[in-house]
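# Descriptive structure summary
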Amino acid sequence: MAKRGVVTDYGGEELYRGDLVNYGSRQGNRVRVADGIIDRVTTRLVDGRLRPMLRVQPTGTESGFAKRRSLRKEWITTEHVRLLIPNVTGERDQ
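About the cut-offs
- Residues numbered from 1 in each chain as written.
- Predicted model: local features only at pLDDT ≥ 70, side-chain atom pairs only at ≥ 80, totals over all residues.
- Heavy atoms only, no water.
- 1 Å grid on protein atoms, 1.4 Å probe; cavity = no way out; pocket = protein on both sides within 12 Å on 5 of 7 lines; lining within 4 Å.
- Points joined across faces, edges and corners; volume = space filled by probe spheres on them.
- Helix = DSSP H or I, 4+ residues; strand = E, 2+ residues; numbered from the N terminus.
- Nonpolar A, V, L, I, M, F, W, Y, C, P; charged D, E, K, R; others polar.
- Core = buried A, V, L, I, M, F, W, Y, C linked by side-chain atoms within 4.5 Å.
- Buried < 20%, exposed > 50% of the residue type's maximum accessible area, 1.4 Å probe, protein only.
- Contact = heavy atoms within 4.5 Å.
- Phe/Tyr/Trp six-rings, centres within 6.5 Å; stacked < 30°, edge-to-face > 60°.
- Lys NZ or Arg CZ within 6 Å of the ring centre and 35° of its normal.
- Patch = residues over 30% accessible without salt bridge, like charges linked within 9 Å, V, L, I, M, F, W, Y side chains within 5 Å.
- Areas by Shrake-Rupley, 256 points an atom, 1.4 Å probe, with all protein chains shown as cover.
- Salt bridge = Lys/Arg side-chain N within 4 Å of Asp/Glu carboxyl O.
- Pairing = 2+ DSSP bridges.
- Axes fitted to C-alpha atoms, helices over the stretch in contact; angles between N-to-C directions.

## Regarding the layout of surface pockets
The space that makes up the largest pocket amounts to roughly 180 Å³. Every residue along the wall of the largest pocket is listed here: Ser25, Arg26, Gln27, Arg32, Lys67, Arg68, Arg69, Ser70, Arg72 and Glu74. No other element matches the three residues that strand β1 (residues 20-27) contributes to the lining of the largest pocket. In terms of residue class, the lining of the largest pocket is built from no nonpolar, three polar and seven charged.

## Considering the nonpolar core
One finds Val7, Leu15, Val21, Tyr23, Ala34, Ile38, Leu54, Val56, Ile76, Val81 and Leu83 forming the largest nonpolar core, which totals eleven residues. Listed by contribution, the elements that provide at least two residues to this core are β1, β2 (30-46), β3 (49-62) and β5 (81-85). Residues contacting Leu15, with those up to four places away along its chain left out, are Val7, Thr8, Asp9, Val21, Ile38, Val41, Leu54, Thr78, Val81 and Leu83.

## Considering the packing of aromatic side chains
Here a ring pair, both rings aromatic, is described through the centre-centre distance and the interplanar angle of the planes. Taken as a whole and judged by the stated rule, the model has zero aromatic pairs. The ring of Trp75 is capped by Arg44, whose NZ or CZ atom sits 4.2 Å from the centre of that ring. Taking the ring centre of Tyr10 as reference, the NZ or CZ of Arg82 above it sits at 5.4 Å.

## Notes on a nonpolar patch on the surface
Judged by side-chain polarity, Leu84, Ile85 and Val88 come together as a nonpolar surface patch covering roughly 240 Å² of accessible area. Following the sequence through the fold, Val88 ends up in the segment after β5. Classification of Val88 by relative accessible area gives partly exposed; the value is 41%.

## Some remarks on the sheet that holds β5
Strand order in the open sheet formed by five strands is β4-β3-β2-β1-β5, and the pairing between neighbours is antiparallel. Each having just a single partner strand, β4 (74-77) and β5 make up the two edges of the open sheet. Neighbour-to-neighbour, the strand axes of the sheet open up by a mean angle of 50 degrees, direction not taken into account. As paired elements, β2 and β3 share eleven bridges and run antiparallel to each other. Counterpart to Arg44 in the pairing with β3 is Arg51.

So this is what it looks like as structure tokens:
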């Protein structure tokens, strides 16, 4: 029987719902660095391989001089994600 793997950032830190992460985000033709809180952790089948995916709620703290238009949740891959603070929302304690 297979055991479920753990989704990690590029440094090997485990990622869970409620963690504060830092990730690369696109704005037009540029890339900026943004902070967000993980809402959902899952995997998706892309080109025959399972890819770890995160649904992230942006906090509004990010690089760049143009402000983000909306703080909607977005799906990102864990390829360029780094854990900043684990369990910010306290959801793992419940």
